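Examining the three-dimensional arrangement
The lines below spell out each chain.
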Amino acid sequence: MHPDRSQQLDNADGPVLDALTARLEALRKQGAEHFDPVQFRYLASLAQRLAALAQPPAGSQHKLDSQLAAYEATFSQAKETLQRAGVPTDHPDQFRRQLRRLSQPTQPSPFALLQQVYSAAPVDDSPEEKNTLAGLLKQQETQVLADNGASAPPPPPRQRELSALRQLRSQRQAHQARQRIDDAITQTPSDAGPLNSHRLVTRSIETLRDLSPAYLEHFVQYLDTLMSLEKLAPKR
C-alpha cells in the first residue's frame, strides 16, 4: 500500500517544509499577503512554528499544504476574474472590494424609478396644499362640482411665498403649540388625586415632552386636526 500524501509530507520533514515556506514567500512577493491578511498571517505563523519543532506533529505539514493550496487557488481565481473584467490587479488588498463591486447586479434599484418620480414632482410651497384638511376639502369640492356637471373655477394666481415668511410662520406655530402644552400642564388641579384623569394626562404630557419635544408638537397638531374634523362632522 502506498503511503498517502499526509504521510509523504510528514516523512519528508525539512525539504517539504522548505518548499511550503518558499511558496509562502512567492505569494508574499506577489503581494498576496494583503489579499487576506488574517489567513496569510495564520499560514506564516504555522510554518514558523513547524520549522521551530524538531519533530512536527503528524499531519501538521499536510494541513499547512492543503490550506496554502486553497489560499493560492483563491488568490489566483480572484486575480484572473479581475483581469478578464479589465480591472487593474496591482493592489491585491483591493481584490475583495473589486470582486464585490463586480458581483453587484447591473439592473437599477427598484427604488430608482420612485426616486426619479419624486424628484420630478412639481414643488408647491403653498401652505394650503400642505394642510391635510384643506386638501381634503378641496378634493370634496371638486368631486361635488363634477357630479353636478360643473367645473371648478380656475385658482387665482399665487405668488411664491418668501422663505423667511414661511419660516416665521412655522416658528410661530411651534411657539403656540409649546405655549398650549405649558398651559395644559400648569392648569392641573392642585387637589387632584393620583388617579385623576387630568393628572394622568398631564403626567403623560410631561414625560413625552422630556423624551421627545418634537414628537409632542406633532401629536398636538394631530389632535388639532381631529378636533377640526369633529367640528365639521354633521351633528346627529
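Residues numbered from 1 in each chain as written. Predicted model: local features only at pLDDT ≥ 70, side-chain atom pairs only at ≥ 80, totals over all residues. Heavy atoms only, no water.

Turning next to the packing of aromatic side chains. Under the definition given, this model contains five aromatic pairs. Taking the centre distance of 6.1 Å and the plane angle of 65° together, the rings of Phe35 and Phe95 count as edge-to-face. Of this pair, Phe35 sits in the loop between helix 2 (14–29) and helix 3 (37–52) while Phe95 sits in helix 5 (residues 95–103), placing them 60 residues apart in sequence. Pair check on accessibility: Phe35 and Phe95 agree, each one buried. Aromatic ring contacts, followed pair by pair, group Phe35, Phe40, Tyr71, Phe75 and Phe95 into a single cluster. (Phe/Tyr/Trp six-rings, centres within 6.5 Å; stacked < 30°, edge-to-face > 60°. Helix = DSSP H or I, 4+ residues; strand = E, 2+ residues; numbered from the N terminus. Buried < 20%, exposed > 50% of the residue type's maximum accessible area, 1.4 Å probe, protein only.)

Enumeration according to the criterion identifies seven salt bridges in this entry. As a salt-bridge pair, Arg23 and Asp65 come within 2.7 Å of each other at their nearest N and O atoms. Note that Arg23 is positioned in helix 2 and Asp65 in helix 4 (residues 60–84), a separation of 42 residues in sequence. According to the relative accessible area criterion, Arg23 is partly exposed, its value standing at 24%. (Salt bridge = Lys/Arg side-chain N within 4 Å of Asp/Glu carboxyl O.)

A few words now on the side chain of Thr202. Inspection of the secondary structure puts Thr202 in helix 10 (residues 197–211). Excluding anything up to four places from it in sequence, Thr202 contacts Ala184, Ile185 and Thr188. (Contact = heavy atoms within 4.5 Å.)

For the rest of this paragraph, the subject is the nonpolar core. Residues Leu27, Leu64 and Tyr71 are the most contacted members of the largest nonpolar core, which totals 20 residues. Mapped onto this core, the elements with two or more residues apiece are helix 2, helix 3 and helix 4. Considering every element that reaches this core, the biggest residue donor is helix 4, with six residues. Aside from chain neighbours lying at most four places away, what touches Tyr71 is Leu27, Ala32, Glu33, Phe35, Asp36, Gln39, Phe40 and Leu43. (Core = buried A, V, L, I, M, F, W, Y, C linked by side-chain atoms within 4.5 Å.)

Along the chain, the position of Leu216 falls in helix 11 (residues 213–232). Residues Leu216 and Ile181, 35 residues apart in the sequence, show an inter-C-alpha distance of 8.8 Å.

Let us now look at the packing of helix 10 against helix 11. Running from N to C, helix 10 and helix 11 cross one another at 130°; their axes reach a closest spacing of 5 Å. When the axis of helix 10 is compared with that of helix 11, the two are oblique. On helix 11, the residues touching Ile205, Leu208, Arg209 and Leu211 of helix 10 are Pro213, Tyr215 and Leu216. Of the residues belonging to the contact of helix 10 with helix 11, the class tally is six nonpolar, no polar and one charged. (Axes fitted to C-alpha atoms, helices over the stretch in contact; angles between N-to-C directions. Parallel < 35°, antiparallel > 145°, perpendicular 65-115°, else oblique. Nonpolar A, V, L, I, M, F, W, Y, C, P; charged D, E, K, R; others polar.)

Moving on: helix 3. Under the 1.5 Å per step criterion, the end-to-end length of helix 3 is 22 Å for 16 residues, consistent within 8% with the ideal 22 Å. Among the residues making up helix 3, those that are buried are Phe40, Leu43, Ala44, Ser45, Leu46, Ala47 and Leu50. (Expected span 1.5 Å × (residues − 1).)

The interhelical angle for the contact between helix 9 (residues 163–186) and helix 10, taken along N-to-C directions, is 140°, at an axis separation of 9 Å. Classified by the interaxial angle, the pair formed by helix 9 and helix 10 is oblique. In this structure, the crossing between helix 9 and helix 10 has a hand that is left-handed. Judged by residue contacts, Ile181, Asp182, Ala184 and Ile185 of helix 9 engage His198, Thr202, Ile205, Glu206 and Arg209 from helix 10. Looking at the contact of helix 9 with helix 10 residue by residue, the classes come out as four nonpolar, two polar and three charged. (Left-handed = near helix turned anticlockwise from the far one by under 90°.)

Another aspect to go through is the environment of Ala69. Mapped onto the elements of the fold, Ala69 is located in helix 4. A relative accessible area of 34% means that Ala69 is categorised as partly exposed. For the pair Ala69 and Arg23, spaced 46 residues apart in sequence, the C-alpha separation works out to 9.3 Å.

Here we come to the confidence of the model for the protein chain. Averaged over every residue, the pLDDT of the protein chain is 77; the share at 70 or more is 75%. Put simply, helix 7 (residues 127–130) is where the protein chain has its lowest mean pLDDT, 48, and helix 4 is where it has its highest, 90. In the predicted structure, residues 8–12 sits below a pLDDT of 50 and forms eleven contacts with residues beyond four places in sequence or in another chain. (pLDDT = per-residue confidence, 0-100.)

Bringing a nonpolar patch on the surface into the picture now. Taken together, the side chains of Leu136, Leu137, Tyr215, Phe219, Tyr222, Leu223, Leu226, Leu229 and Leu232 present a nonpolar region at the surface, about 800 Å² in accessible area. Listed by contribution, the elements that provide at least two residues to the nonpolar patch are helix 8 (132–147) and helix 11. Considering every element that reaches the nonpolar patch, the biggest residue donor is helix 11, with seven residues. Tracing the backbone shows Leu223 in helix 11. (Patch = residues over 30% accessible without salt bridge, like charges linked within 9 Å, V, L, I, M, F, W, Y side chains within 5 Å. Areas by Shrake-Rupley, 256 points an atom, 1.4 Å probe, with all protein chains shown as cover.)

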